Number of protein chains: 2
Amino acid sequence: MARATVQDVARTAGVSVGTVSRVLNGSPAVSEASKEKVTAAIRQLNYRPLASARDLRRDRTMRILALAKNLNSPVISEAFRGVGDAAALSGYVSLIAPTSGDLEREQQLVDMLRNGSVDGLVLFSPTMPDQEVEALAEQLSVVQVCEITGSEAAFGVSIDDRQAAFDITRHLIATGARRLAMLGFQAARSGRLRESGFRQALADAGLSPGQMLFVQGDFDFHAGRRLTKKLLDTDTLPDAIFCGNDIVAAGCVREITDAGLRVPDDIAVAGFDDSVQAEMCVPELTTIRQPAYEMGRLAFDSLLERMTVPGAHRRGRVFLPHELVIRDSTRA
Amino acid sequence: MARATVQDVARTAGVSVGTVSRVLNGSPAVSEASKEKVTAAIRQLNYRPLASARDLRRDRTMRILALAKNLNSPVISEAFRGVGDAAALSGYVSLIAPTSGDLEREQQLVDMLRNGSVDGLVLFSPTMPDQEVEALAEQLSVVQVCEITGSEAAFGVSIDDRQAAFDITRHLIATGARRLAMLGFQAARSGRLRESGFRQALADAGLSPGQMLFVQGDFDFHAGRRLTKKLLDTDTLPDAIFCGNDIVAAGCVREITDAGLRVPDDIAVAGFDDSVQAEMCVPELTTIRQPAYEMGRLAFDSLLERMTVPGAHRRGRVFLPHELVIRDSTRA
DNA sequence: GGAGGGTTTGGAATCGATTCCAAATTGAAG
DNA sequence: CTTCAATTTGGAATCGATTCCAAACCCTCC
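Scoring rules and cut-offs
- Along each chain, numbering runs from 1 in the same order as the chain's sequence is written.
- Chains carry letters from A onward and ligands carry numbers from 1 onward, assigned in written order.
- The predicted nature of this model means local features are confined to residues of pLDDT at least 70 and side-chain atom pairs, given and counted, to a pLDDT of 80 or more, with totals for whole chains, interfaces and linings taken over all residues.
- With hydrogens and water stripped out, all remaining heavy atoms of the structure feed into the side-chain values.
- One heavy atom within 4 Å of a molecule or strand is enough for the residue carrying it to be called near that molecule or strand.
- Distance and chemistry together define a polar contact, namely a pair of N or O atoms within 3.5 Å, with one atom able to donate a hydrogen and the other to accept it when in protein, and with adjacent residues in sequence counting only for side-chain atoms on both sides.
- The helix count covers DSSP runs of H or I at least four residues long, the strand count covers runs of E at least two residues long, and both are numbered beginning at the N terminus.
- The classification used treats Ala, Val, Leu, Ile, Met, Phe, Trp, Tyr, Cys and Pro as nonpolar, Asp, Glu, Lys and Arg as charged, and all other residues, Gly among them, as polar.
- It only takes one pair of heavy atoms within 4.5 Å for two residues to be counted as in contact.
- Superposition of the copies was done by least squares, using only C-alpha atoms of residues whose pLDDT is at least 70 in both.
- Boundaries of every domain are those given by an automatic assignment or by a domain database.
- Here the quantity called buried area is the accessible surface, traced with a 1.4 Å probe, that two parts lose on coming together, added over both.
- Note on definitions: salt bridges are taken to be side-chain nitrogens of Lys or Arg within 4 Å of carboxyl oxygens of Asp or Glu.
- Strand pairing is defined by DSSP finding a minimum of two bridges between the two strands.
- Axis definition: a line fitted to C-alpha atoms, limited for helices to the stretch in contact. Angles are taken between N-to-C directions and run from 0 to 180 degrees.
- Exposure categories follow from relative accessible area, calculated using a 1.4 Å probe and restricted to protein chains: below 20% of the type maximum is buried, above 50% is exposed, and the middle band is partly exposed.

How do you make sense of the protein's contact with DNA strand C when you look at a structure like this?
The environment of DNA strand C is made up of 30 residues, and the closest members are Val6 and Arg57 of chain A together with Ser31, Ser34 and Arg57 of chain B. Within 4 Å of the protein, the atoms of DNA strand C are drawn from sugar and phosphate moieties in a proportion of 62%. Val6 of chain A is positioned with one of its backbone polar atoms (N or O) 2.4 Å from a phosphate oxygen of DNA strand C. The side chain of Thr19 of chain B places a nitrogen or oxygen atom 3.0 Å from a phosphate oxygen of DNA strand C. Elements supplying a minimum of two residues to the surface near DNA strand C: helix H2 (17-24) and helix H4 (51-58) of chain A together with helix H2 (17-24) and helix H4 (51-58) of chain B. The element contributing the most residues to the surface near DNA strand C is H4 of chain A, with 5 residues. Its residues assigned to classes, the surface near DNA strand C shows 13 nonpolar, 10 polar and 7 charged.

Help me understand the environment of Ala4 of chain A, please; the structure alone is not making it clear to me.
Residues and elements named next belong to chain A. Structurally, Ala4 is set in the segment before helix H1 (6-13). Along the backbone, Ala4 and Asp258 are 254 residues apart, and their C-alpha atoms lie at a distance of 66 Å. The residues contacting Ala4, other than those within four sequence positions of it, are Leu45 and Tyr47.

How do you make sense of the relation of the copies chain B and chain A when you look at a structure like this?
Superposition of the two copies of the chain requires a rotation about an axis together with a shift along that axis. Overlay of chain B on chain A (RMSD 0.1 Å): rotation 180 degrees, translation along the axis 0.0 Å. Such values leave the two copies arranged in the relation of a two-fold axis. Relative to the rotation axis, the C-alpha of Ser52 of chain B is the closest in chain B, positioned 2.3 Å from it. Counting the interface residues of chain B, we find that 100% of their copies in chain A are interface residues as well, pointing to one common contact surface.

Would you take a moment to explain the protein's contact with DNA strand D for this structure?
Surrounding DNA strand D, one finds 30 residues, the nearest of these being Ser34 and Arg57 of chain A together with Val6, Tyr47 and Arg57 of chain B. Counting only atoms of DNA strand D within 4 Å of the protein, the sugar-phosphate share comes to 62%. With respect to DNA strand D, the backbone of Ser16 of chain A contributes an N or O atom lying 2.8 Å from a phosphate oxygen. Breaking the surface near DNA strand D down by element, the ones donating at least two residues are H2 and H4 of chain A together with H2 and H4 of chain B. Here the residues of the surface near DNA strand D are counted per class, giving 13 nonpolar, 10 polar and 7 charged.

Is there a simple way to think about the domain arrangement of chain A in this case?
Size of an interface: often given as the accessible area lost when the parts come together. On domain assignment, one finds that chain A holds domain 1 (6-49), domain 2 (60-159 + 292-321) and domain 3 (161-289). Each of domain 1 of chain A and domain 2 of chain A has a C-alpha centre, and the two are 37 Å apart.

What am I meant to see in the interface of chain B and chain A here?
Taken together, the 48 residues of chain B in the interface contact 48 residues of chain A. Counting each side, the surface lost to burial between chain B and chain A is near 4,000 Å², with a carbon and sulfur contribution of 58%. Three residues, Arg48, Arg254 and Met280 of chain B, lead the burial of chain B against chain A; their summed loss comes to 14% of the area buried on that side. The tally of links between chain B and chain A comes to 8 salt bridges. A salt bridge links Asp111 of chain A to Arg48 of chain B, with the nearest nitrogen and oxygen atoms 2.7 Å apart.

Looking at this model, I keep getting lost on the sheet that holds strand E7 (residues 212-214) of chain A. Mind explaining?
Strand pairing within a sheet occurs via backbone hydrogen bonds; the two strands may be parallel or antiparallel. Residue and element names in this part refer to chain A. The strand order across the open sheet formed by 4 strands is E7-E6-E8-E9, and the pairing between neighbours is parallel. Looking at strand neighbours, the two that pair on one side only are E7 and strand E9 (268-270), the edges of this open sheet. Neighbour to neighbour, the strand axes of the sheet diverge by 15 degrees on average, direction disregarded. Sheet topology note: the strand E6 (residues 180-184)/strand E8 (residues 240-243) ladder contains 4 bridges and is parallel. If you follow Met182 over to E8, its bridge partner there is Phe242. Sheet contacts for helix H9 (residues 189-204): E6, E7 and E8; angle to E6, the most-contacted strand, approximately 175 degrees. Across the sheet, helix H10 (residues 221-232) touches E6, E7 and E8, and the angle it forms with E6 is around 150 degrees.

Just checking my understanding: could you explain the pattern of salt bridges for this structure?
Think of it this way: side chains of opposite charge can pair up when their charged atoms draw near. One pass over the structure, following the stated rule, counts 44 salt bridges over all chains. A salt bridge links Arg327 of chain B to Glu284 of chain B; the nearest nitrogen and oxygen atoms lie 3.9 Å apart. Here Glu284 of chain B lies in the loop between helix H12 (276-280) and strand E10 (287-289) and Arg327 of chain B lies in the segment after strand E12 (323-325), a separation of 43 residues in the sequence. Residue classification places Arg327 of chain B among the buried positions, given a relative accessible area of 13%. Overlapping salt bridges bring together Arg225, Arg254, Glu255 and Asp258 of chain A together with Asp274, Glu284 and Arg327 of chain B as one network.

Would you mind showing me how to read the environment of Ser125 of chain B here?
Residues and elements named next belong to chain B. For Ser125, the position within the fold is in the loop between strand E3 (120-123) and helix H7 (130-139). The sequence separation of Ser125 and Arg254 amounts to 129 residues, and the corresponding C-alpha distance is 28 Å. Non-local contacts of Ser125, meaning those with residues more than four positions away in its chain, are made with Leu67, Ala68, Lys69, Ile76, Glu106 and Glu147.

Can you walk me through the sheet that holds strand E8 (residues 240-243) of chain B in this structure?
Residue and element names in this part refer to chain B. Ordered in space as E7-E6-E8-E9, the 4 strands form an open sheet in which the pairing is parallel. What marks the edges here is a single partner per strand, and that holds for strand E7 (212-214) and strand E9 (268-270). Shown here is a sheet whose adjacent strand axes are inclined to one another by a mean of 15 degrees, direction ignored. Summarising the sheet, strand E6 (residues 180-184) and E7 pair through 3 bridges and their orientation is parallel.

Hey, could you run me through the side chain of Glu284 of chain A in this one?
Owing to a relative accessible area of 18%, Glu284 of chain A belongs among the buried residues under this scheme. When sequence neighbours within four positions are dropped, the list of residues in contact with Glu284 of chain A reads Ala278, Glu279, Arg327, Asp328 and Ser329 of chain A together with Arg225 and Arg254 of chain B.

Listed below in structure tokens is the structure:
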């Protein structure tokens, strides 16, 4: 049995297609009698309006798409929950797709916005250069969350990564650390900002940075172990290590512990993101909490305005407050 | 500037819409001269075919949607990678959306298949009852991965959860355990199958199960701690605990360690899934590895056949082999 | 130079839902 | 019983890309 159309419904209900459409869209200009006939016919034929026909005519889809390198990240999945909940309140469906850092796949997904498959786009961790993000946001409905461009040309929601790294580094120094190392991720802007905040805190305290190690590939548990091993193989050990996220910090702690040293007594370790891994770690990690859910909500609100108000193009960046969460991995 | 249409392209290129469409779709029946004019016009107008118009005419979208309660699960995100890679090879875009276990939201997303917003659906952890899944699969392109219905009415790819739980429990017994407890999740079919495998292994060894504790809400780290605490508060301690996944097992290990007991010497612990958390845990977890990526690939292949071959409706279940990964949390 | 083959092209019809306009119906008021 | 306004209805036009059919075109060969 083929799909029923609005024509079929009109025929079985004994009314015109106009009336069927009016019932479907809750127009008040329909008599009670027609409404019942149409509703009955719809149920009888198991009719659903075809999305492509409706989208074509209405020129919108009520769908948005979010893109991230990777869906595992706890911050991103939480932020996407925020996007999704806000979207649902306004009748939008939100979908997400991983790009795996593949530029070609990212382009293919961004094309879904260009060709009208979705009404808006949320970028969590773009692979394309900042300039392209901004060019895209210039003419289409795009917002950024977490990983945002350096300029004010587009719109983005994030925490102040530089300040957060500065805060947590200052905490490390306050607990007595003097030789501080960092395990970071320079491929992302947020990673570079965190590096910068780290350096600034050291400079302010009159200290000079110890070893700065940066990952090339995945910024994960094994990378954390690998880099820490390299760190421990040198003669002068650091007394504190700042890691760009909790997972890497967990790898770091693990490698230190396996080497027979103690955290935080011999070496303090700090993470970033306050993901569940921060609590799974032994000792539990001092870290930075990001208001990810709220960031997602805010991003959708801005996207909605962009999609619905003609000519609205919000620019600039919103930085939500982060929180320093102190746990046993850094207590003196 | 409004969106350019195929008409606009035809006008600026000085050809007909038919020719433009032929160029767009790579038809050979176009002269080199026309092709160039059209390509130039397309570039000049920055033209992209509108998805809804194309989808309407072609009666397919080249998009599929995957649904899961939750995107964090490492097995699901890996399986979805498999789906996505296989889909990309066939020119399909694959998207995913979390349902949060909310029936209404799930229905809204399933409607995207019903109304032709996508061509196929991959279900990872449905919230709707099995019967509805099967009714849906009966008439539309749906496949299940990981969490599959009990009957052969629909199609699904999974491991044999019962057998896997049986295998790992037998391993626990082989390393000397005699009083075995379990932390499980009965809300999911896979959870019940794992429970059944666990019980069977005990029965085969002539043992009777110790405490069987089941979570109500989230099956996460904190739930693992909470349940383990309850377990440790009784007078007769178990000498091995089988947990329904690695995260819960990590919580379990943590609670045991915090209580001053040792894993595996006092109590052995086994997990499930072989996620990165199994390696982050101290000691590292004995667990079951699922070939998640391969499961996803296979599921897409079947979905593709269902979507493209008229009348094809593959039924039944495919169980891929799992692997028992033995680590320090259970070594004698 | 013309007939016959293949190649290329134009343009109308189509997909299915929405919307606008005019026509039909209803109801109330006189 | 008319008249007028308000309500309800039918149906054609529309959205933009694809596809089919017929017409136009180009060669080649006799």
